[in-house]
Amino acid sequence: QRTEDKQRGMCRAPGRVRFRSLTRNSWRWKSVPANERALRYRAGEQIHGFTVEQVTAVPELFLTAVKLSHDGTGARYLHVAREDSNNLFSIQFRTTPMDSTGVPHVLEHTVLCGSQKYPCRDPFFKMLNRSLSTFMNAFTASDYTLYPFSTQNPKDFQNLLSVYLDAAFFPCLRQLDFWQEGWRLEHENPADPQTPLVFKGVVFNEMKGAFTDNERIFAQHLQNKILPDHTYGVVSGGDPLCIPDLTWEQLKQFHATHYHPSNSRFFTYGNFPLEQHLKQIHEEALIKFERIESNTEIPKQKLWEKPREHSVTCGLDSFAADPSKQTTVSVSYLLTEKGFEEDRIEALLHKIEIQLKHQTTSFGLALTSYIASCWNQDGDPVELLKIADKVSRFRQCLKENPTFLQEKVKTYFKDNPHRLTLSMSPEEDYHNKQAKMEAEKLEKKVNALSEEEKTQIFEKGLELIALQSKPQDTSCLPALKVSDIEPKIPFTVLETTLTADEIPVQYCAQPTNGVVYFRAVSSLNTLPEELKPYVPLFCNVITKLGCGALDYREQAQKIELKTGGMSVSPHIIPDDSHLDVYEQGVLFSSLCLDRNLPDMMHLWSEIFNNPRFEEEEHFRVLVKKTAQELSNGIPDCGHLYASIRASKNLTPSGELQEMFSGMDQVKLMKRIAEMSDIKPILRKLPRIKKYLLNSDNIRCSVNAAPQQIPEASKEVEKFIKGIARSKKERKPVRPHVIEKSSEVRPVGSEMLTGLQITRKLVNDPTFKPCQMKTHFVLPFPVNYIGECIRTVPYTAADYASLRILARLMTAKFLHREIREKGGAYGGGAKLGHNGIFTFYSYRDPNSLATLKTFEKAIKWAKSGEFTQQDIDEAKLAVFAAVDAPIAPSDKGMDHFLYGISDEMKQAHREQLFAVNSDNLVDVSNKYLAVGKSTRSQAVLGPENADITKDPSWVKR
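Since the structure is predicted, the reported quantities are computational estimates derived from the model, not experimental observations. (Residues numbered from 1 in each chain as written. Predicted model: local features only at pLDDT ≥ 70, side-chain atom pairs only at ≥ 80, totals over all residues. Heavy atoms only, no water.)

**A short note on the pattern of salt bridges**
Side chains bearing opposite charge may pair, as long as their charged atoms lie close to each other. For clarity, the cut-off: In the sections that follow, a salt bridge refers to a side-chain nitrogen of Lys or Arg positioned within 4 Å of a carboxyl oxygen of Asp or Glu. Numbering goes from the N terminus for both helices and strands, where a helix is a DSSP run of H or I of at least four residues and a strand is a run of E of at least two. A simple rule labels every residue: compare its accessible area, found with a 1.4 Å probe on the protein chains alone, to the largest value its type can have, and call it buried under 20%, exposed over 50%, or partly exposed in between.
In total, this model carries 59 salt bridges according to the counting rule given. Put simply, lysine 714 and glutamate 711 hold a salt bridge, and the shortest N to O gap is 3.3 Å. Of this pair, lysine 714 and glutamate 711 both sit in helix H25 (residues 709-722), three residues apart, which is roughly one turn of the helix. You can call glutamate 711 partly exposed: its relative accessible area is 27%. Between arginine 909 and aspartate 883 there is a salt bridge, with its nearest N and O atoms 2.7 Å apart. Taken together, the residues arginine 909 in helix H30 (residues 902-914) and aspartate 883 in the loop between helix H28 (868-882) and helix H29 (893-898) connect sequence positions 26 residues apart. Under the relative-accessibility criterion, aspartate 883 is labelled partly exposed at 27%.

**Digging into helix H27 (residues 848-863)**
Working note: α-helix, 3.6 residues per turn, so residues spaced by three or four point in the same direction. Condition: Helix span is expected to be 1.5 Å times the residue number reduced by one. The directions from the helix axis to the C-beta atoms form the arc being described. Contacts are residue-level and defined by heavy atoms, with any inter-residue pair within 4.5 Å sufficient.
Under the 1.5 Å per step criterion, the end-to-end length of H27 is 23 Å for 16 residues, consistent within 8% with the ideal 22 Å. For H27, the full list of buried residues reads Thr850, Leu851, Thr853, Phe854, Ala857, Ile858, Trp860 and Ala861. Each buried residue of H27 sits inside an arc of 165° when the element is viewed along its axis, so together they form one side. On its buried face, H27 is in contact with strand E24 (783-790), helix H26 (799-821), strand E26 (836-844), helix H31 (917-928) and strand E27 (935-941). After H27 finishes, the residue glycine 864 shows a positive phi value of roughly 70°.

**Concerning the sheet that holds E24**
Counted only if it meets this: Pairing between strands requires that DSSP locate at least two bridges from one strand to the other. Axes here refer to lines fitted to C-alpha atoms; in helices the fit is confined to the stretch in contact. Angles between the N-to-C directions go from 0 to 180 degrees.
Pairing within the open sheet is mixed, and its six strands lie in the order E25-E26-E24-E27-E23-E28. In the strand order of this sheet, the two ends are held by strand E25 (826-831) and strand E28 (954-955), each with one partner. For E25 and E26, the ladder comprises six bridges, and the chain directions are antiparallel. Each bridged residue has a counterpart across the sheet, and for lysine 830 the counterpart in E26 is threonine 838. On top of the sheet, helix H20 (residues 616-646) reaches strand E23 (773-777), E24, E25, E26 and E27; it is set at about 30° to E24, its chief contact. Running at roughly 140° to E26, H27 makes contact with E24, E26 and E27 of the sheet.

**Re the packing of H20 against helix H21 (residues 652-661)**
Condition: Note on convention: near helix rotated counterclockwise from far helix by under a right angle means a left-handed crossing. Clockwise means right-handed. For this scheme, ten residues count as nonpolar: Ala, Val, Leu, Ile, Met, Phe, Trp, Tyr, Cys and Pro. Four count as charged, namely Asp, Glu, Lys and Arg, and the remainder, Gly too, count as polar.
Running from amino to carboxyl end, H20 crosses H21 at an angle of 140°, the nearest separation of the two axes being 8 Å. You can see that H20 and H21 cross each other, and the crossing is left-handed. Residues Tyr641, Ile644 and Arg645 of H20 form the contact with H21, whose participating residues are Gln657, Glu658 and Ser661. By residue class, the composition of the contact of H20 with H21 is two nonpolar, two polar and two charged.

**Here we look at the side chain of aspartate 213**
Assignment of secondary structure puts aspartate 213 in the loop between helix H6 (202-210) and helix H7 (214-226). Not counting residues within four places of it along the chain, the set of residues in contact with aspartate 213 comprises Asn632, Pro635 and Asp636.

**Considering a positive patch on the surface**
Note the following rule: Within the patch definition used here, like charges are joined within 9 Å and nonpolar side chains (Val, Leu, Ile, Met, Phe, Trp, Tyr) within 5 Å, considering only residues with over 30% relative accessible area and no salt bridge. Accessibility throughout is a Shrake-Rupley quantity obtained with a 1.4 Å probe, and a residue counts as covered only by protein chains that appear here. For the charge count, each Lys or Arg is scored as positive and each Asp or Glu as negative, with His and the chain ends excluded. Charge positions are represented by NZ for Lys, CZ for Arg, CG for Asp and CD for Glu.
Taken together, Lys852, Lys856, Lys859, Lys862 and Lys932 make up a surface patch of like positive charges. Its place among the elements puts lysine 852 in helix H27.

**Quick look at unusual backbone geometry**
Notably, leucine 173 is not glycine yet its phi reads approximately 50°, a positive angle. The residue leucine 173 is located in the loop between helix H4 (154-169) and helix H5 (175-181) in this model. The exposure class of leucine 173 is buried, given its relative accessible area of 7%. For asparagine 295, which is not glycine, the phi torsion reads 50° and is therefore positive.

**Quick notes on helix H15 (residues 430-447)**
In this model, H15 (18 residues) spans 26 Å end to end at C-alpha, consistent with the 26 Å of a helix rising 1.5 Å per residue. Buried residues of H15: Tyr430, His431, Glu438, Leu442 and Val446, and no others. The arc that holds the buried residues of H15, viewed along the axis, is 145°, so those residues lie on one side. For H15, the exposed residues lying more than 90 degrees away from the buried face are Asn432, Lys436, Lys444 and Asn447.

None of the figures reported here should be taken as evidence of function without further support.
Structural data, given as structure tokens:
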């Protein structure tokens, strides 16, 4: 399942391409930006069954909003025209369940399993491999369900729109699909009626996994208890103990009443022509319906006359052995008579200004997410987009009434009796109690079955497996061809200069809309080994403890007031041509409005030269927060933790990756958080600073508008000159350091004759990869699994074949076996830039059975049981990722961070195009076959008797 960064950043003033036609005063379609073209629409104008209601320019976002409604059904439509090639479509329905069976969530899954026009099983997942989409997904919120996709290709847009429309309005909703995606009773081994009956289903397992996250439990209770009277009083995603009460008939009924055009909201975004969208939506879907009263309105919650309190329990922190050390979380409104400091207000308004100017590649997705809730409640989505107007109005209100904010606090917080205090406490046997309740539910269901029903369950189980195993005819689905992929990539112009101190700085001139992006990488090569484990903690706190004359509060305020954020993170980059060579360092990143560049660089200077390490109590707070966040993140990222652990002993960089980002780091932070005396840890920070925060082994990069580069150059030069150099030359801790240079293309030149960026890489000739199996026993009801195999680096001839193979195995074998048959929420294979081939599964009810599935997948690949069409689809999916849009802020970053030039990318592209069936079988035999390459496995999940019995597994 392709994932995409869902950050909700605001965006950009994209480039404008003008084409004059031969006639002197006429313009071709693309002659002016999309937002200007859209201004020609007029209220009352009728287009393909829709009527234009309103046309609004929003110049600060470089867009024009066109609001329409469908004449026949009343469906609402918002088109946001913007000169952005990453076009997006979404359809949204107001979905208001009145119980916690998860009916909208199960329906969201099931509508994507086949429709009238596309009756093959699972067209949604199959389109991932027949398209160049930049995003495809679906979301169930508390009161709406949203289906978005985005793509840069017009033909692809029409294909995906056709599939999405048919899925939403004309789904098959077959009973077997409901059983697969929602829930079912099935024998533990479906082929053996003597094995016990158990609950299975994708949504059932997904929600069991979701409710291992204590933050999720808390947020769910908070909503249910503060808005208890209607749809917000239930779990729209489904409570695992209630999901088995949902029937197939209820599912179909919910679709009939909620998935109607009269209850829908359509949204399109980008630079494709609106008329084409309207014509297709009207002709393929809406013309077949008549207007109805949807009756999905949500009544206002009746306000309470006095505050309420509520308490809930949750599971222990994943890594806590002692419940006495767990904290009770309590949330209430804490109110003060204190005024609002002007600097705090300015910092927030500055944040809004940066969000408006910062350009993301997924702006359409950010917009549809941003307007969804308000529009769903019949608010005006266009008003939400006029952010600059709102800021001006806010400033005016403050000017006219200095106590404007205090009055709002009094009305909505202090004098508001509709107030909830919710506390959550850990309970030692919480997960056992949940398991017991599930077992009781299961027993009740099974005991109510007649012998005939039990026989039917067995037969239906066999029928489902037969259906899942049957080869699918996907010829009904639209598809792009490999020939639709651009053969060449556009090259990015970079310029590298050396400062007076001989520090390389890469400059990339881009249309960044008045924002400057600064990054620096400092080497860890000289850092003593005993300090290494503390590097992630150092990175986390170094911008939060104060610097120079500023204490930590003043520093935080200054960062908010003058920058869009300053972050520091570990930077471990495997070499592109040797698996045992890697770069180890720390990455410093920040952005600011161009007028604030001197302030931002001054902040970096102070952080490098004069960081403060005396705030012990604040340091303790940061440590506890970090430890808690790491622990809370495991249920969402368990498969990544499993994969990092499984790759630990396969390459030298894998060892470091586990130390910095794996379960080792989670456990270290837990240990530090529980220390009564934290001073020894705090004392390590100045020692790390000595090795890291200097100009010995540093390189910098700047992305900014062309006219801003000279000023940026001056500020970066000043920063480098101002930071310390080591008084004595420090030798690398690991002696085998090699220098690797990558050339850059200077401005105005097609030749690689510019300066080089030299990276100091660690080469460990003594490293020997070894196999390892690790089981982390955690209080989860589901498993997260990773199996990793050492293969080849990025520039090797076989890398492209392995990359295509990973996608092919995911789409044609693993998805079917792990998700459809196994009931896991997700699973697949991928090839990392580090040359590690990874199999993984996510929220998986199985463990050893899934590892067996990985073995079967390799056998399947070795047998060559795939067609040319399968290979072409895998190529499309890989190129969709390779050609994902890159924001101006990130252009040139592959070169700066990873040493991968555009020439190397083009060579890799040509290797991808050339991959054939023989190559795929060859690399399966050469690297993936048992005994050919070193492999390791890791499982995060509950106690497992079979694993415990096997001495080859290490239990943690």
